[in-house]
Amino acid sequence: MTDELDALARQGRRRLEKLESARRAKRAAAAPPSRDDRAANVIAGGSLLTFAGVLALSAGPALVAVYLGWAEGQIGLAWAVGVLGTPLGVFLCVKLRPLLAVYLLARERAWVAALPFPVHGWFEVISAEPVPGRLHATLEFAGLRPDDATLERLIEKLDDVTSLRGHALVSPEFEFSYGVDDPTPSNDPYLSWQRAVLESVLLPLHREFPLASARFHKP
Amino acid sequence: MRPEERRAADVVFDQHPWGYALLFGAVLCPVAAAAGAMLLVHDLDATVPLFWGVGFGVLGLYFAGRWGLGARVLADERAWLASLGFEVNGWFDVIGVEVPRDGKLRVTLEFRGTPPDAIELESWLGAVGAERASGSSWSFISPRIRARAGTRGSSFTTRYYLAWQKRLVKRVLIPIHAKYPLARVQVSAVRR
């Protein structure tokens, strides 16, 4: 009877440990993502590399299976690749995407640091809590300041909704909703706007009127 | 029979050998009858009514049996509980509730002699997923027990409560009782 109780105790300890680790995992999942996680996810979500990777891993096995079955005539192998490869690919997607996101965040950091003028607030904006609102880009010039007409011309090339207020570019109001409230809001629109401003306003401007710095921030 | 006894009896019957027998019979008899008829007379026009007739007949027998044998089945269950050697309270209250809902059970143990080590007891009860209730060494809380098989469309039942209680007694309490005699076990629903 003691043996039975010992076996029972072993089983019980295993099960209680499992319960405890499940509870820990649940707590970890419920915890808000870290600022870096959020920034990394925003960058990965808009990245072509992520898109291509997810597409290749999830649809790749099926495409290979179709090729094998159709062109090579190896029906058995095609079934094996399709049936085993698709779940494997999806599993790899789920496991590899976070790693890719961290890599992309590091790459973005290096890229922003390598810009010809210091850019501040780039990562603060995309790692903040995603709430609807506007974004400002405040410019400081090293020497000559362009007149408003030059700036307006550049902004017109950017889009119709960004406006100029003093030394700052003001973004449109980002809403995060598609008819109903977005259930998973992301800072993606902010990142897109930052990139667009950098590409079509700041970099061309910097060639003629050197910038001392640019700062992205929420008013 | 009082209504709560009737509800408890229905649940107990489903996990009683008679309940299993009648439920399997309800499936097997019409199939066997139809197969036999097809083999013997090769007449589909006779087989189909036979299939439905036997099927509904056995199903009716199941419900009639559940209704008629309820008292016997409950008595059987009571006799089994009495034969355990320790008092079990609240067993039928838990499974006879009017509106079953997902929830947890509180199990309180009372030992006749020296109780076992609290840590050891905790690991034994862990084998059925029960965890020590805060504030007491002899009180345990079951894992969340569901009250219906699916999400929608399936009806609420206490059969999973009964299954967990039986697992608790057979896997955990009987071995414990053999070494550390139990005086009393109280089972009750955890109030939320």
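Residues numbered from 1 in each chain as written. Chains lettered and ligands numbered in written order. Predicted model: local features only at pLDDT ≥ 70, side-chain atom pairs only at ≥ 80, totals over all residues. Heavy atoms only, no water.

What follows covers the interface of chain B and chain A. If you look at the interface, chain B gives 16 residues, while chain A gives 13 residues. Ionic pairing is found between A:Arg23 and B:Glu131, a salt bridge with its closest N-O pair at 2.7 Å. Put simply, chain B and chain A have four residue pairs in polar contact (both at pLDDT 80 or more) between them. Looking at the side of chain B that touches chain A, the elements with two or more residues in it are α5 (118-126) and α6 (159-179) of chain B. Looking at which element gives the most residues to the side of chain B that touches chain A, the answer is α6(B), with six residues. Here the residues of the side of chain B that touches chain A are counted per class, giving nine nonpolar, three polar and four charged. (Contact = heavy atoms within 4.5 Å. Salt bridge = Lys/Arg side-chain N within 4 Å of Asp/Glu carboxyl O. Polar contact = N/O pair within 3.5 Å; in protein donor to acceptor, adjacent residues only side chain to side chain. Helix = DSSP H or I, 4+ residues; strand = E, 2+ residues; numbered from the N terminus. Nonpolar A, V, L, I, M, F, W, Y, C, P; charged D, E, K, R; others polar.)

Attention shifts here to the confidence of the model for chain A. On average, residues of chain A score 87 in pLDDT, and 95% of them are at 70 or above. Mean pLDDT in chain A bottoms out at strand β5 (residues 177-178) of chain A, which sits at 60, and peaks at strand β1 (residues 119-120) of chain A, which reaches 94. (pLDDT = per-residue confidence, 0-100.)

Residue and element names in this part refer to chain A. Domain boundaries in chain A define domain 1 (34-113) and domain 2 (119-217). A C-alpha centroid distance of 31 Å is found between domain 1 and domain 2. Every contact between the two is made by eleven residues of domain 1 and, on the other side, 16 residues of domain 2. For the pair domain 1 and domain 2, the summed buried area comes to about 1,100 Å², and 61% of that belongs to carbon and sulfur atoms. (Domains from an automatic or database assignment. Buried area = accessible area lost by both parts, 1.4 Å probe.)

Another aspect to go through is the packing of aromatic side chains. Applying the stated criterion across every chain, the model contains eleven aromatic pairs over all chains. Here the aromatic rings of B:Trp52 and B:Phe56 are separated by 5.9 Å at their centres, their planes lie at 25°, and the arrangement is stacked. Within this pair, B:Trp52 and its partner B:Phe56 are both found in helix α3 (residues 44-82), separated by four residues, close to a single helical turn. Measuring from centroid to centroid gives 5.1 Å for B:Tyr62 and B:Phe63, while their planes differ by 70°, and the two rings are edge-to-face. For B:Tyr62, a relative accessible area of 6% corresponds to the buried category. Exposure remark for B:Phe63: the relative accessible area of 43% places this residue in the partly exposed category. What links up through ring pairs into an aromatic cluster is the set A:Trp111, A:Trp122, A:Trp193 and A:Phe216. Here the basic side chain of A:Arg109 rests over the ring of A:Phe123, its NZ or CZ set 4.8 Å away from the ring centre. Residue placement shows B:Arg146 over the ring face of B:Tyr160; its charged tip is 4.2 Å from the ring centre. (Phe/Tyr/Trp six-rings, centres within 6.5 Å; stacked < 30°, edge-to-face > 60°. Buried < 20%, exposed > 50% of the residue type's maximum accessible area, 1.4 Å probe, protein only. Lys NZ or Arg CZ within 6 Å of the ring centre and 35° of its normal.)

What follows deals with the nonpolar core. Among the nonpolar cores identified, the biggest contains 44 residues, and B:Leu109, B:Trp124, B:Leu125, B:Val172 and B:Leu173 are the most heavily contacted of them. Sorting the residues of this core by element identifies α1 (2-30) of chain A together with α1 (3-14), α3, α4 (91-95), β2 (105-111), α5, α6 and β5 (182-189) of chain B as the ones contributing at least two each. When residues in this core are grouped by element, the largest group, eight residues, is from α6(B). Split by domain, this core shows at least three residues from each of two domains, domain 1 (3-82) and domain 2 (87-189) of chain B. Apart from the residues within four sequence positions on either side, B:Trp124 is in contact with A:Leu5, A:Leu8, A:Ala9, B:Pro116, B:Val172, B:Ile176 and B:Tyr180. (Core = buried A, V, L, I, M, F, W, Y, C linked by side-chain atoms within 4.5 Å.)

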